[in-house]
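Residues per chain are reported as follows:
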Amino acid sequence: TRTSRPQRILKAVQKNATKGDPESVISAIDHYCRHKEWAMNVGDDKGLILDSVLTEVNPSTALELGTYCGYSTVRIARLLSPGSKLITVEFNPAFAAVARQIIAYAGLQDKITLVEGPSGDLIPKMKERFGIKSFDFVFLDHWKDRYEPDTKLLEDCGLLKKGTVLLADNVICPGTPEYLKYVRNSPRYESRYYKSNLEYSKVEDGLEKSVFLG
Ligand SMILES: Nc1ncnc2c1ncn2[C@@H]1O[C@H](/C=C/CNC(=O)c2cc([N+](=O)[O-])cc(O)c2O)[C@@H](O)[C@H]1O
Ligand SMILES: [Mg+2]
């Protein structure tokens, strides 16, 4: 096919959503991916859990690993208080280009910094490049075998503080076994599983919320 799936998702947003209205951008993507073409957005079911954890944490600084088309980026940023910032990391330039347009369409570009590159390289640069002392909230949704090493990297770089909340997508499907083992066995985390279903499907999936204890 001439266009890519992310480009088709962007088209669906431009066609069906209202500029500057994040809710309509989220609904347009969910409708397209549920009825036309599945895509790996966290989706509307798990999205409600993401919303509730975000409202509870009300982060000043948030990090997202794995932007893809920007669906969860918009979902997170729309709930941030004025002055709060979301940094989202994506190493695929084509996905980043689509995400930038979807973020702009939602009118949330002032709250979001999209950084292109691999998380393993960018996490150690967060302090110097973005003046981040520590993150209040981290959403993990990139390659599943990177969750555990990147969490350890965040710890080693002093980017987590007592109370930081990590929320991980796909801990059942596709599954993140090493990550689950790590956060559930480490005395430095208080972990809880939120059962749900894989985006736009009936298959079980869920989110793992892990609070860093310092
Ligand atoms: N180290 C890194 N640094 C920066 N960006 C990186 C990265 N590793 C991956 N990415 C980016 O994050 C996204 C990958 C998501 C993998 N999700 C998935 O594979 C996935 C699969 C299913 N599924 O198969 O049902 C369902 C889901 O919700 C999923 O998130 C892509 O946009 C990729 O370019
Ligand atoms: Mg996911």
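In what follows, the structure referred to is the one given above.
Let me begin by describing the structure that accompanies this report. (Residues numbered from 1 in each chain as written. Chains lettered and ligands numbered in written order. Predicted model: local features only at pLDDT ≥ 70, side-chain atom pairs only at ≥ 80, totals over all residues. Heavy atoms only, no water.)

In this section: the site of ligand 1. Around ligand 1 sit 21 residues, and of these E90, D141, K144, N170 and E199 come closest. Between E90 and ligand 1, the recorded distance is 2.5 Å, taken from a side-chain N or O atom to an oxygen atom. Taking D141, its side chain carries an N or O atom lying 2.9 Å from an oxygen atom of ligand 1. Considering ligand 1 on its own, with 690 Å² of exposed area, one finds that the protein chains cover 89% of that surface. For ligand 1, the cavity whose grid points lie within 2 Å of the majority of its atoms is the largest pocket. Class assignment of the residues belonging to the shell around ligand 1 gives a composition of 10 nonpolar, six polar and five charged. (Near = heavy atom within 4 Å. Polar contact = N/O pair within 3.5 Å; in protein donor to acceptor, adjacent residues only side chain to side chain. Areas by Shrake-Rupley, 256 points an atom, 1.4 Å probe, with all protein chains shown as cover. 1 Å grid on protein atoms, 1.4 Å probe; cavity = no way out; pocket = protein on both sides within 12 Å on 5 of 7 lines; lining within 4 Å. Sits in = over half its atoms within 2 Å of the grid points. Nonpolar A, V, L, I, M, F, W, Y, C, P; charged D, E, K, R; others polar.)

The next thing to look at is the sheet that holds strand β5 (residues 160–168). Spatially, β3-β2-β1-β4-β5-β7-β6 is the arrangement adopted by the seven strands of the open sheet, whose pairing is mixed. Looking at which strands have only one partner, the edges of the open sheet turn out to be β3 (112–116) and β6 (189–197). The sheet shows a mean angle of 15° between the axes of neighbouring strands, taken without regard to direction. Summarising the sheet, strand β4 (residues 135–140) and β5 pair through five bridges and their orientation is parallel. For F135, the partnering residue across the bridge sits in β5 and is L160. (Pairing = 2+ DSSP bridges. Helix = DSSP H or I, 4+ residues; strand = E, 2+ residues; numbered from the N terminus. Axes fitted to C-alpha atoms, helices over the stretch in contact; angles between N-to-C directions.)

Turning to the pattern of salt bridges, a few remarks are in order. Counting across every chain of the model gives 19 salt bridges. With a shortest N-O distance of 2.8 Å, R75 and D51 are connected by a salt bridge. Here R75, found in helix α4 (residues 71–77), pairs with D51, found in helix α3 (residues 43–57); they are 24 residues apart in sequence, far enough to count as distant. An identical accessibility class is assigned to R75 and D51; each is buried. A salt bridge links K209 to E56, with the nearest nitrogen and oxygen atoms 2.7 Å apart. (Salt bridge = Lys/Arg side-chain N within 4 Å of Asp/Glu carboxyl O. Buried < 20%, exposed > 50% of the residue type's maximum accessible area, 1.4 Å probe, protein only.)

Put simply, the largest pocket is a space of about 500 Å³. Lining the largest pocket are 31 residues, with M40, G66, D141, H142 and W143 sitting closest to its centre. Grouping the amino acids of the lining of the largest pocket by side-chain chemistry returns 15 nonpolar, 11 polar and five charged. (Points joined across faces, edges and corners; volume = space filled by probe spheres on them.)

With that settled, the discussion passes to the coordination of the magnesium ion (ligand 2). Within the protein, the magnesium ion (ligand 2) binds to D141 (OD), D169 (OD) and N170 (OD1); these donor distances fall in the range 2.0 to 2.2 Å. For the magnesium ion (ligand 2), the donor residues sit on a single chain with the sequence spacing D-x27-D-N. Judged by relative accessible area, D169 falls into the buried class, the value being 0%. (Donors = N, O, S within 2.8 Å, 3.2 Å for Na, K, Ca; no water.)

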